[in-house]
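Architecture and fold: a report
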Amino acid sequence: MLNFYGKALSLSPITHGAVDINLDDRTNKGEIRRIPFVIMTENESYTIFVPVVSGNGVKGLTRREFARKIRYALGEEKFDVLPNEVKYLIAAGGANTNASPKIVKQQVYTELRKTLPFLSLLGGIYRGHYFRGAMVTDFMIPLVKEIIPLYTYKMEKVQLDPSPDKYPDLSSLFLNEYIGYTRFKVEGIDVEEIANNEEDEEKLTVRNQMVYYMKQIPAGTLMIHGFHLNNTSEIELACFYAFLKTFIEVGHVGGNISKGHGQIKVNYYTENGELLDIDNLSKLEEPFWKYLEKDKDKILEELNNLDNKLQWEVKNKNKGKKGKNEDNDDSDNNTEE
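As a starting point, this report considers the structure included with it. Just so we're clear, the structure is a prediction, and the values are computed from it rather than from any experiment. (Residues numbered from 1 in each chain as written. Predicted model: local features only at pLDDT ≥ 70, side-chain atom pairs only at ≥ 80, totals over all residues. Heavy atoms only, no water.)

It is at 9 Å that the axes of helix H1 (residues 55-74) and helix H9 (residues 234-250) come closest, and there the two elements cross at 115 degrees. Judged by the angle between their axes, H1 and H9 are roughly perpendicular. Note on packing geometry: the crossing formed by H1 with H9 is right-handed. Where H1 abuts H9, its residues Val58, Lys59, Leu61, Thr62, Arg63, Glu65, Phe66 and Lys69 lie against Cys239, Ala242, Phe243, Thr246, Phe247, Glu249 and Val250. Residue composition of the contact of H1 with H9, by class: eight nonpolar, two polar and five charged. (Axes fitted to C-alpha atoms, helices over the stretch in contact; angles between N-to-C directions. Helix = DSSP H or I, 4+ residues; strand = E, 2+ residues; numbered from the N terminus. Parallel < 35°, antiparallel > 145°, perpendicular 65-115°, else oblique. Left-handed = near helix turned anticlockwise from the far one by under 90°. Contact = heavy atoms within 4.5 Å. Nonpolar A, V, L, I, M, F, W, Y, C, P; charged D, E, K, R; others polar.)

Written out as structure tokens, the structure is:
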């Protein structure tokens, strides 16, 4: 497995929402994604919860920008007529549906991975067929004093001092972690309710305004991160370098990016300490873009033909209704007997 280690500095507050487990006691305060750490000392052990950005929160916006680059490389006009499900697979990893996958030969998946290296690298789901991505994306974790000993090895790889005293403790870093906004509910308002006097207008505004708060990772927070590649081909490796370059260019993670959140500055290093800056990545990514240019027709044909290769049927408890392509004449070529 190839390992790439990174350090990130937040340049604006980072938000990354988490589902509130207590749905019956909802408030106007949103939680942030956190993961537990067990801290062991000579005398005791205890658990702390550190705010993080998940792997999906790290690569979400970058994947969409990367899809835009792929669209340009394959030809905008031909890319735009691909089925919407295929475009969503490339840009966002697909979506869970009520489609139930049929069994296909392993060779089908192998050929798809070879022809579509961006799908093989990033993974996704199409009509119930799950592609495990060759790229593993770590949590992006703020470096607080309590957890420094866990990341000494990674910190040395990215040229950070692993002395715990140089970093804030969890409580001081997130002492004032909420940021507030107002939201106006304008949908469904009957304009006839708006009276001509200022008093009624003010009441209407207040009634449809909501104040809400979000927890944040503050600007100025130093974080540790990493990408890992499992058994990639040369083209998939070049695809990763193209993705990493895009990630550095995008420079945002988490949610509420349109409000100014999530801006970061990052540096990534190889296992042997080589800095992967934009100049280096521009050279390393070249085989991937040359492959797209050379074999664009084959790639587009494969993308247009996904429904024929990846057989599926629609789940329907009442009628057992089959998918539209169940009776495809080529199904015997792709389905295990």
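Moving on to the nonpolar core. Ranked by internal contacts, the top residues of the largest apolar core, which has 79 residues, are Phe66, Phe118, Met140, Phe247, Phe288 and Leu292. In contact with Phe288, not counting residues within four places along its chain, are Phe66, Ile70, Pro117, Phe118, Ile235, Ala238, Cys239 and Ala242. (Core = buried A, V, L, I, M, F, W, Y, C linked by side-chain atoms within 4.5 Å. Buried < 20%, exposed > 50% of the residue type's maximum accessible area, 1.4 Å probe, protein only.)

In this section: the packing of aromatic side chains. A full pass over the atoms with the stated rule returns 14 aromatic pairs. Geometrically, the ring pair formed by Phe4 and Phe240 is tilted, given 4.7 Å between the ring centres and 35 degrees between the ring planes. Separated by 236 residues along the polypeptide, Phe4 in strand E1 (residues 2-10) and Phe240 in helix H9 bring together distant segments of the chain. Like Phe240, Phe4 is buried. With centroids separated by 5.7 Å and ring planes inclined at 55 degrees, the aromatic side chains of Phe240 and Tyr241 adopt a geometry described as tilted. Of the two residues examined, Phe240 and Tyr241, each falls in the buried class. Following the ring pairs from residue to residue traces out a cluster consisting of Phe4, Phe227, Phe240, Tyr241, Phe247 and Tyr268. (Phe/Tyr/Trp six-rings, centres within 6.5 Å; stacked < 30°, edge-to-face > 60°.)

To continue, consider the pattern of salt bridges. Following the criterion strictly, the structure yields 14 salt bridges and no others. For Lys78, the salt bridge identified is with Asp297, shortest N-O distance 3.8 Å. Here Lys78, found in helix H2 (residues 76-80), pairs with Asp297, found in helix H12 (residues 296-304); they are 219 residues apart in sequence, far enough to count as distant. A salt bridge links Asp138 to Lys154; the shortest N-O distance between them is 3.0 Å. Taken together, the residues span a long stretch of sequence, with Asp138 in the loop between strand E8 (135-137) and strand E9 (141-142) and Lys154 in helix H6 (residues 152-157) at a distance of 16 residues. Residue classification places Asp138 among the buried positions, given a relative accessible area of 16%. (Salt bridge = Lys/Arg side-chain N within 4 Å of Asp/Glu carboxyl O.)

Okay, unusual backbone geometry next. Even without a glycine there, the phi angle at Gln159 is positive, about 65 degrees. In this structure, Asn231 takes a positive phi of about 55 degrees despite not being glycine. By the element assignment, Asn231 lies in the loop between strand E12 (222-229) and H9.

Looking now at H9. Taking 1.5 Å per residue, 17 residues should reach 24 Å; H9 reaches 24 Å between its end C-alpha atoms and fits that length. With twelve of its 17 residues buried, H9 lies for the most part within the structure. Buried within H9 are the following residues: Glu236, Ala238, Cys239, Phe240, Tyr241, Ala242, Phe243, Leu244, Lys245, Thr246, Phe247 and Val250. Downstream of H9 by a residue or two, Gly251 has a phi angle that is positive, lying close to 65 degrees. (Expected span 1.5 Å × (residues − 1).)

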